[in-house]
Every structure is written in C-alpha cells, then in structure tokens.
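Survey of secondary and tertiary structure
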Amino acid sequence: MSTSTAPTKAPAEQIAASTAPPRKVRGRGERSRAASLASHGVLTLASLVALFPVAWLVYLSLGPDKNDYLHPGRIWSKMTFDNYAFVLQDTNFFDWLKSSLIVSLGTTVIGVLVAATTGYAVSRMRFPGYKKLMWVLLVTQMFPIAVLIVPMYQILSKLQLIDNYFGLILVYCSTAVPYCAWLLKGYFDTIPFEIDEAGRVDGLTPFGTFFRLILPLARPGLAVAGFYSFITAFGEVAFASTFMLSDTKYTFAVGLQSFISEHDAQRNLMAATAVLVAIPVSAFFYLVQKNLVTGLTAGGTKG
Amino acid sequence: MTVAIDRATGKRRGDRSPRPGLGRRLKDGYQKHWYAYAMIAPVAVVIGVLVLYPLGYGLYLTLTDANSLNSARTIGVNEIEATYKFVGLDNYADILWGPTAYDRFWSHFIWTVVWTAVCVGLHFFIGLGLALLLNQKLRGRTFYRLILVLPWAVPTFVTVFGWRFMLADQGIINSALDWLHLPTPAWLEDTFWQRFSAIMVNTWCGVPFMMVSLLGGLQSIDNSLYEASEMDGANAWQRFRYVTLPGLRSVSSTVVLLGIIWTFNQFAVIFLLFGNTAPDAQILVTWAYQLGFGQQPRDFAQSAAYGILLLAILIVFTSFYRRWLNRNEQQLAN
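Residues numbered from 1 in each chain as written. Chains lettered and ligands numbered in written order. Predicted model: local features only at pLDDT ≥ 70, side-chain atom pairs only at ≥ 80, totals over all residues.

**Digging into the overall build of chain A**
Let me state the cut-off plainly: A run of DSSP states H or I qualifies as a helix once it reaches four residues; a run of E qualifies as a strand once it reaches two. Both are numbered from the N-terminal end. With C-beta atoms placed from the backbone, a residue is labelled by how many other C-beta atoms lie within 10 Å of its own: buried for 20 or more, exposed for 12 or fewer, partly exposed between the two. A pair of residues counts as a contact when their C-beta atoms, built from backbone coordinates, are within 7 Å of each other.
The helix and strand tally for chain A stands at 14 helices and zero strands. Helices and strands appear in chain A in the N-to-C order α-α-α-α-α-α-α-α-α-α-α-α-α-α. Residues classed as buried in chain A amount to 46% of the 303 residues present. The long-range fraction of contacts in chain A, counting pairs at least 24 apart against all pairs at least 6 apart in sequence, stands at 79%.

Below, the structure written as structure tokens:
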C-alpha cells in the first residue's frame, strides 16, 4: 500500500502566510477595504437569496392552518409544532421514508459496485471499442426521461414490476450506472499512472492493481459517485410518480405531491413534511460535501 | 506519438508492424485486452439490458399506434391482448408537420431552446461570479459556501414547493411587491410569468452545482501561473482573461455540456411547479410526459416518439459541441 501518496493539505498557503514579511505594499490576494466590502455585500446578498426560500418553508410549516401561507404575519403569534406531530403520527410518513431509503440505497450500492471496474478500465486501458463505450456512457447521460419512460412502463408491467421497489431500482440504475462510470473514470484519471506502474512492477495483475492500490485511493471518488446516485434517486420525480401506485410505497417525491391532490391542499402539512425530508438529506449532503468537492476536482498526488 | 504505452499494463500499443490476419488479430486482441473486457462487462450488461433493450422497444412503439386502450393490460382477471398495429413513420410525420404541429411541437421546441440557453447562461455566469468571490482570501468564506450550496443540498422536489408557496397569488413575493407599490404579476397563471418563474426557480436550483465545480477548477489552477503573469506585469483583468479562463477551460466545457443536457431534460421543476395547469410553459420533456401519462387515453406511441426526437436533438447537439471544442483546442495548440 503506497500510503505515502495519500493526499495531504497543500501547505503552500500556510507557508506563504507565516513567512511573508510584514509590508505596506498590497500583494496579490489582498484587496482594498472597498473591494472586500463589495465581496462581502454580494456574497451576503447571494446567501440570503439561497437561504430565503428554505427558511420561508420552515417558517410556514409552523403555521397551524392550511391557508396560513397567505397570511404569514399571523403565524408568528400562533406558532406550533402541531403539523409535525400530525405528519409523523397520522400520515404515511414512515412508509415513504422506508420506500425512499430502500430505493435510493439500492441504487447507490448497485451503481457504485457495477461502475467501479468500468471506470478504471476506461481510465487506464485503450482497448478496441473504447471510444464507442465512452460515447455510449455519455449518450446515456442525456437520455431524457421521455425516451425510456414509456417502454420501461410497458416492460415493467409485463414483468409485474410496477409498484415494486426492485422495478424502480432497476429503472434508476439505467441512469446511475453510466453516470457513476463516467464520474469514476474522471476520478481515476487524476490518480497518477505511476502508482499503477509501481504496482505492475511489483508483480500485481491489472485486477490486483485496481483492487489493492487504486480503489483505496479512490475512496473520495467512490463517495462522490455514491452520493450522486443517492441524491438523484432520492429526488427523482417522473419515474416514481408513474411507477409507484399504492400510497404506502410512494417515495417522498411522490408523497409530497399527494398532499395537494388528495387532502384538499393541506399546505401546512406539506411544508412540515418537506422540512422533515429536507433536514436529513441536507445534513447528509453537508457531511459528504467536503468529499464532493475533492472528488470533483482534486487528484491523488498533491502534497 | 505513434507509440503509446498502455499505462495500466505497461504494454506498447499502436506500433506499425504489418497487420496479421483477422483470426490472429481477434486472438491477439482477446489475449491483450481480456481484462479490460472483463472489467467493463458489468456495465455493458447493465446498459444492454436496462437501456438498449428498452430503447429498442421504445423505437418499435413509435412505429405503432399504441395507446392505453389498445395495449396489453390486465383488468381484474381478464388479460387483454395488445391490438395496436404498425403505422410506420406516421407518428413522426404527424409530430413534425401534421396539422397543428406548431402548437404541439414547434412552440414547445422553441421554448425549450430558449429555456436551456437562458438557464445555462445564468447558471454559468452567476456560478462563475460566486466562485471567483469565494476563491479569494475572505473572512467567513466557508460559511458563505455552506449557505450558497443550500439550494443544491435540499432536494429539488422540496424547494420547488417552497417556491410555489412564495409565488402563489397572495404569497410573500407578491405581498412584498405590493408593499413596494410594484405590479404583482400572476406568477403561476400567466404564460409569460410562468416561463419567467420557471427560469427563476431553475436558476436558483442550478447555480450551486456550477459554483462548486468552477470553484474546484479555480483552486486547481497553479498559483505560480498567477505569480509569473504578475511578474510580467499583467493586471487583474489580464490575469483573469489569460490565466483563469484558460485554466477553467476543461472544467467549464464539461459542466456547461452537463448543464445543457440536464436543463434540456429538466423535469421536476416544471412538472412540480405547474402540474397540468400550464400547457404553454411545458418544455418538450414534460410535454411528452403529459402525452404519455397525464391524459386519457394515454398516447404511448406519440410520447415515445417525442422521446426519440429529444434524444436525437441532444445527440446531434453534443456531437457538434464536441467537434467545436476539439477545433478550439487545436487552434490553441497551433
């Protein structure tokens, strides 16, 4: 295991900061007070825009009446958690949670497992048909849902897989697998070839190189691929709305819509459910987002 | 570059020895590359079964007049055989130049192109601006970044409903506009404002992805390039133009392509924002969905034909885009 090549924080910034002598001349990266204020101003404004719709949803979810969203001022005086209690106790919330988790985790696991070896093969090896495979991987990225939804519907109903978790997982894999392969290819490309060559010199087979050297180094990339599949599967609307028929098997994306049609637009409950869904997903997002950024950009030999 | 080394296996490839016979080549190819084929086998199988087979089946459906009334289905215990028949290319002809083709296809097509161009442009420029701001040494930039990725962190189907509350007739946005004595448009009813709000919501949802990717691209640009250009007397704009932009080229060409594909295929935002209420604000994807599943009887054949047309548009576009990129790169190299 060549752990010496594991990425470490680039020390350049710290060195520059500690060794730079104090000086009056303004250097690169230092700006005038006005420029700095302007940056803060723009960023604050952008943050407010980013934050407001979510914050507003949270605020509305505290109003007890279904038309409170039209009179937000009134919510302040009668704030209550009743909506949350109702959603957790009297709706199918936990059924939806179960379906969402089964489907998203299933897609994630299958997507990453199946795609990993292919990502490595297309990153390192030039075999006949390589270009065609890359092309297919790219083209499947751009399948509009409209291409597959009708034939998938017909095929799944023939196989009795409509309204079935496994059927939905299969459908999601059609997008998750090519996407993960494409993403992992990009990540493997950033791991230097020298590591493979070292492994080959030391007598590993191509498979050995992959499993014992590259996979451990590619953990951030695998995390990103898994995370992407999870989020896409979790947030997918079209297939889930069409293929899941019984309301205990709805994923959240479908369940949320049912508040408006079925229950006569109970917007307060809908907002509460939305918040309950958003909290764990966003928490998960923030947990992995460091990996996400490194996985999208960084390589294996910095530092 | 006539001889390159296969970096994983240390073998040479591309050398110019006389070509052996076909059988020999197949055997050689197999021996040389069998591990590569073994490694891509899982994905090849998955794509074949889950993508290519349905695609072929869908292609066949577009050549028929299948809808929910004549497809094979089960009602109770009765199984009804499919009775749809082969109609050749009639579906495509009808979509592209049949009666009222403008209302059914071309108006949606134009709106889809506008939607894609505007959304991706906004995503890219706002994302680039924010990434540049976040790339400087700035107090609290981690904090800003955490907040700015929020629209990406919260699932789209959640935030779209948040927007729906805000855009409702007497929702917060119109109340605020009213308070400022500005006109209060019917965001979710009037066609123009429907389109406007769809673009607005999608921009809000899509900027963080661009921002994070471009920020990653910015951070991977070697600092010494900036130092060198400064030594040569480049000002801030020149540093941006001749160091930052070329350094971002590979990242931005990828994310723009991805952004175009995703926006072109964006389903959730429009579907959840309007449901079935806004026929004029539907882009092609949601329109195809509506044909296939949002009406009775469900018109499977036309919906699938829309899907194939969409795919064709995207494939043509992508090949041109890649050719254009390649040409640009060659020009740079010369």
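Back to the write-up after that little detour.
**Looking at the overall build of chain B**
Counting its regular elements, chain B contains 13 helices and four strands. In chain B, buried positions account for 37% of the 334 residues.

**Considering the environment of B:Asp299**
Secondary-structure assignment places B:Asp299 in the loop between α12 (284-293) and α13 (300-333). Leaving out residues up to four positions away in the same chain, B:Asp299 has contacts with B:Asn67, B:Leu291 and B:Gly292.

**Digging into the packing of helix α3 (residues 101-134) of chain B against helix α10 (residues 236-264) of chain B**
All names here are of chain B. Our working definition: Working convention: axes come from line fits to C-alpha atoms, limited for helices to the stretch in contact. Angles between N-to-C directions cover 0 to 180 degrees. Working definition: roughly parallel below 35 degrees, roughly antiparallel above 145 degrees, roughly perpendicular at 65 to 115 degrees, and oblique for all remaining angles. By definition, turning the near helix anticlockwise from the far helix through less than a right angle yields a left-handed crossing, and turning it clockwise yields a right-handed one. The residue classification treats Ala, Val, Leu, Ile, Met, Phe, Trp, Tyr, Cys and Pro as nonpolar and Asp, Glu, Lys and Arg as charged. All others, Gly included, are polar.
Relative orientation of the contacting elements α3 and α10 amounts to 140°, with a least axis distance of 9 Å. Judged on the interaxial angle alone, α10 and α3 are oblique. The way α3 lies across α10 gives a crossing that is right-handed. Residues Thr-112, Trp-115, Thr-116, Cys-119, Val-120, His-123 and Phe-124 of α3 form the contact with α10, whose own contacting residues are Val-256, Gly-259, Ile-260, Thr-263 and Phe-264. A per-class count over the contact of α3 with α10 returns seven nonpolar, five polar and no charged.

**Topic: the packing of helix α5 (residues 93-124) of chain A against helix α11 (residues 219-235) of chain A**
When two helices pack together, their arrangement is captured by the angle between the axes and the distance separating the axes. Residues and elements named next belong to chain A. Running from amino to carboxyl end, α5 crosses α11 at an angle of 145°, the nearest separation of the two axes being 8 Å. Relative to α11, α5 is oriented so that their crossing is right-handed. Residues Ser-100, Val-103, Ser-104, Thr-107, Thr-108, Gly-111, Val-112, Ala-115 and Ala-116 of α5 form the contact with α11, whose participating residues are Leu-222, Ala-225, Gly-226, Ser-229, Phe-230, Ala-233 and Phe-234.

**Details of the domain arrangement of chain B**
Residue and element names in this part refer to chain B. This is how it is decided: All domain edges in this entry derive from an automatic or database-based domain assignment.
Segmenting chain B into domains produces domain 1 (26-62) and domain 2 (90-333). Residue-level contacts link four residues of domain 1 with seven residues of domain 2. Classifying every residue of the side of domain 1 that touches domain 2 gives two nonpolar, two polar and no charged.

**Considerations on the interface of chain B and chain A**
One widely used convention gives an interface's size as the accessible area the parts lose upon coming together. At the interface, 84 residues of chain B touch 80 residues of chain A. When the residues that make up the side of chain B that touches chain A are grouped by side-chain class, the tally is 56 nonpolar, 23 polar and five charged.

**Focus on the nonpolar core**
The criterion, for reference: Note on definitions: a nonpolar core is a set of buried residues drawn from Ala, Val, Leu, Ile, Met, Phe, Trp, Tyr and Cys, linked by C-beta atoms within 7 Å.
Counting residues in each nonpolar core, the largest one holds 166 residues, and the members touching the most others are A:Ala115, A:Ile149 and A:Ala274. Of all the elements, helix α8 (residues 165-190) of chain A adds the most residues to this core, at 15 residues. Residues lining this core come from more than one domain, with at least three contributed by each of domain 1 (26-62) and domain 2 (90-333) of chain B. Discounting residues that sit within four places of it in the chain, A:Ala274 has contacts with A:Leu57, A:Leu256, B:Val158, B:Phe161 and B:Gly162.

**Comments concerning helix α6 (residues 156-167) of chain B**
Our working definition: Working rule for helices: expected span equals 1.5 Å times residues minus one.
For α6(B), spanning 12 residues, the distance from its first C-alpha to its last is 16 Å, which sits close to the expected 16 Å at 1.5 Å a residue. Burial of α6(B) is extensive: 12 of the 12 residues sit out of reach of the surface.

**Digging into unusual backbone geometry**
In this model, A:Asp163 sits at a positive phi of 60°, which is unusual for a non-glycine residue. With 14 C-beta atoms counted inside 10 Å, the residue A:Asp163 sits in the partly exposed group. Of note in this structure, B:His181 is not a glycine but carries a positive phi near 60°. Positionally, B:His181 belongs in the loop between α7 (172-179) and α8 (191-219). Residue class for B:His181 comes out exposed when judged on the 6 C-beta atoms lying within 10 Å of it.

**Observations regarding the confidence of the model for chain B**
Residues and elements named next belong to chain B. Rules: pLDDT gives the predictor's per-residue confidence on a scale running from 0 to 100.
For chain B, per-residue confidence averages 82 on the pLDDT scale, and residues scoring 70 or more make up 88% of the total. Within chain B, no element has a lower average pLDDT than strand β1 (residues 4-6), which sits at 52, and none a higher one than α3, at 91. Predicted complex, confidence summary: ipTM 0.77, pTM 0.80.

**Some details on the confidence of the model for chain A**
Residue and element names in this part refer to chain A. For chain A, the average pLDDT comes to 78, and 84% of its residues sit at 70 or higher. Predicted confidence for residues 1-21 stays below pLDDT 50, and this span has 16 contacts to residues more than four positions away or in other chains. Scored below 50 in pLDDT, residues 297-303 shows 23 contacts in the model against residues more than four places distant or in partner chains.

**A few points about the environment of B:Cys119**
The residue B:Cys119 is located in helix α3 in this model. For B:Cys119 and B:Leu180, which are 61 residues apart along the polypeptide, the C-alpha to C-alpha distance reads 28 Å.

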